[in-house]
Amino acid sequence: AGKYSTLGAMPTERTFAMIKPDGVRRGLTAEILRRIELKGYRTVGLKLYQIPRETAESHYGEHSAKPFFGELVDFITSGPVVAIALEGENAIAGWRSMMGATNPANAAPGTIRGDFATSVGENVTHGSDSPESAQRELALFFAEGELLK
Ligand code: UDP
């Protein structure tokens with residue numbers, strides 16, 4: 001048991017990923033699913049989904065006091081999203097790293113937001129930021145029978 005004993009034993013996680021309405025409208029769905037497949041995450045749930053307003057308000061509950069909350073809920077319910085359940089080693093941080101920074105101006109080239117977005121409001125994708133939010137968001141967007149075991 002040395003310094004490197006945990007290498008190769010990273011946690012298998014599930015995370016909630018989403019292609020937001022701007023990504024669907026702009027025809028980026030196939031490109032984003034392609035990147036997920038090439039990265040090697042397993043897709044264990046996948047659906048095109050029109051988010052009900054209450055679900056959107058609950059999903060973004062932590063931002064309910066922010067000035068942009070109303071616009072954010074309007075935007076995320078403005079058209080269908082692609083809801084994705086991903087599984088893989090360190091999938092939570094890994095998917096967020098593939099998305100890039102929230103503000104596309106700070107998102108590195110090669111990331112989804114760095115390559116495809118210019119606006120903080122319409123930044124193409126979502127990803128859970130912790131194991132707790134992953135669990136909460138997966139349960140909010142998928143019924144149990146919709147996720148592979
Ligand atoms: N957002 C916004 N204006 C802001 C900050 C955030 O419209 O000033 C939106 C943006 O779409 C972002 C979402 O709110 O993706 C959630 O914000 P968060 O800080 O959780 O960023 P994320 O986890 O999506 O990178």
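Parameters at a glance
Residues numbered from 1 in each chain as written. Predicted model: local features only at pLDDT ≥ 70, side-chain atom pairs only at ≥ 80, totals over all residues. UniProt positions renumbered as here; feature names shortened; annotations may be inferred. Helix = DSSP H or I, 4+ residues; strand = E, 2+ residues; numbered from the N terminus. Contact = placed C-beta atoms within 7 Å. Near = placed C-beta within 6 Å. Nonpolar A, V, L, I, M, F, W, Y, C, P; charged D, E, K, R; others polar. Buried ≥ 20, exposed ≤ 12 C-beta atoms within 10 Å, placed from the backbone. Arc of directions from axis to C-beta. Core = buried A, V, L, I, M, F, W, Y, C linked by C-beta atoms within 7 Å.

**What to know about the UniProt feature "binding site: ATP" (unreviewed entry) in the protein chain**
Step number 1: When the UniProt feature table is mapped to this numbering, "binding site: ATP" (unreviewed entry) covers Lys-20, Phe-68, Arg-96, Thr-102, Arg-113 and Asn-123.
Step number 2: Mapped onto the fold, Thr-102 is located in the loop between α5 (91–99) and α6 (112–116).
Step number 3: Ignoring sequence-local partners within four residues, the contact set of Thr-102 consists of Val-120 and Asn-123.
Step number 4: Relative to the helices and strands, Arg-113 resides in helix α6.

**Examining the site of the ligand**
Step number 1: Every residue near the ligand is listed here: Phe-68, Leu-72, Thr-102, Val-120, Gly-121, Asn-123, His-126 and Asp-129.
Step number 2: Of the residues assigned to the shell around the ligand, the class counts are 3 nonpolar, 4 polar and 1 charged.

**Quick word on helix α7 (residues 131–141)**
Step number 1: Restricting attention to buried positions, one finds in α7 the residues Ala-134, Glu-137, Leu-138 and Phe-141. Within α7, the buried residues cover an arc of 100° as seen down the axis, which keeps them to one side. For α7, the exposed residues lying more than 90 degrees away from the buried face are Glu-132 and Ala-139.
Step number 2: Summarising the contacts, the buried residues of α7 are in contact with β1 (12–19), α3 (53–59), β3 (81–89) and α5.

**Focus: the nonpolar core**
Step number 1: Phe-16, Met-18, Ile-19, Ile-84 and Leu-86 are the most contacted members of the largest nonpolar core, which totals 27 residues.
Step number 2: Sorting the residues of this core by element identifies β1, α2 (29–39), α4 (69–76), β3, α5 and α7 as the ones contributing at least two each.
Step number 3: Those residues in contact with Phe-16 that sit more than four places away from it in its chain are Ala-85, Ser-128, Ala-134, Glu-137, Leu-138 and Phe-141.

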